[in-house]
Amino acid sequence: MSATPTLKLRARIYCGEEIAMGPGKADLLAAIAQQGSISAAGRALGMSYRRAWLLVDAMNRCWRSPLVETVAGGGKDRGARLSQTGQAVLAQYRALQARIAQVEASDEYALLRGGVRAAPLPGAPDPAG
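Residue positions are counted from 1 within each chain, in the order its sequence is given. Restriction of local features to residues with pLDDT of at least 70 applies here, the model being predicted, together with a cutoff of 80 or more for giving and counting side-chain atom pairs; totals for whole chains, interfaces and linings are based on all residues. Side-chain metrics rest on all non-hydrogen atoms present in the structure, leaving aside hydrogens and water.

**Observations regarding the overall build of the chain**
Each helix is a run of H or I in the DSSP string that is no shorter than four residues. Each strand is a run of E no shorter than two, and both are numbered from the N terminus. Regarding its fold elements, the chain presents five helices and four strands. In the chain, the succession of helices and strands from N to C terminus is β-β-α-α-α-β-β-α-α. A compact globule built from 129 residues should have a C-alpha radius of gyration of about 14 Å, whereas the chain, at 20 Å, is more than 25% larger. Dimensions of the chain, computed from C-alpha atoms along their principal axes, come out at roughly 65 × 40 × 30 Å. Here a residue-residue contact requires only that any non-hydrogen atoms of the pair lie within 4.5 Å. In the chain, the share of contacts with a sequence separation of at least 24, taken over all contacts with a separation of at least 6, comes to 52%. We compute the radius of gyration from the C-alpha atoms alone; for a globule the expected value is 2.2 Å times N to the 0.38, where N is the number of residues.

**Let's talk about the confidence of the model for the chain**
The pLDDT score gives, residue by residue, the confidence of the prediction method on a 0 to 100 scale. Per-residue confidence for the chain gives a mean pLDDT of 91; residues scoring 70 or more make up 91%. Across the chain, element-level confidence peaks in helix α1 (residues 23-35) with a mean pLDDT of 98 and bottoms out in helix α5 (residues 107-114) with 89.

**As for the state of the cysteines**
Counting rule for disulfides: a pair of cysteine sulfur atoms within 2.5 Å. This structure, assessed with the given rule, holds zero disulfides. The structure places no disulfide on C62, whose sulfur is separated from the nearest cysteine sulfur, that of C15, by 3.4 Å.

**Looking at the packing of helix α2 (residues 38-45) against helix α3 (residues 49-62)**
To get an axis, fit a line to the C-alpha atoms, keeping to the stretch in contact for a helix; angles then go from 0 to 180 degrees between the N-to-C directions. Across the interface, α2 lies against α3 with an axial gap of 8 Å and an inter-helix angle of 115°. As summarised for this structure, α2 and α3 are arranged roughly perpendicular, according to the angle between their axes. Here α2 and α3 pass one another in a crossing that is right-handed. Contact with α2, carried on its side by I38, S39 and G42, involves Y49, A52, W53 and V56 of α3 and no other residues of that element. Just so you know the grouping, Ala, Val, Leu, Ile, Met, Phe, Trp, Tyr, Cys and Pro go in nonpolar, Asp, Glu, Lys and Arg go in charged, and all remaining residues, Gly too, go in polar. The residue inventory of the contact of α2 with α3, partitioned by class, reads five nonpolar, two polar and no charged. Oblique is the label for any angle not under 35 degrees, not over 145, and not in the 65 to 115 range, which are roughly parallel, roughly antiparallel and roughly perpendicular in turn. Note on convention: near helix rotated counterclockwise from far helix by under a right angle means a left-handed crossing. Clockwise means right-handed.

Given below as structure tokens:
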């Protein structure tokens, strides 16, 4: 247990109840762009192909156009790549993360963090109990 209070800011974009974009999905997009395949990207991030594929499927269903394009088969163009939309979403999300980092360096953030206990006080007894 940490003795220092922490305050974590994370950007998550929702599509209904589904997370359309968050830190892990952004990392997966970046890995797909670098690796050229969903399976290699998953391995690079320590996740199974199935988990990586499910995340890609969720993103592709949430955005107006797919973020990841796949090409099956044995040709030289097989694998996966980010669509133009995927490249734009990743760049915009990374820019948003950079702005969040600026907020984390702000006086307001420091004041909020300073007001948080290291651990919660014990709860009140249950009046029905």
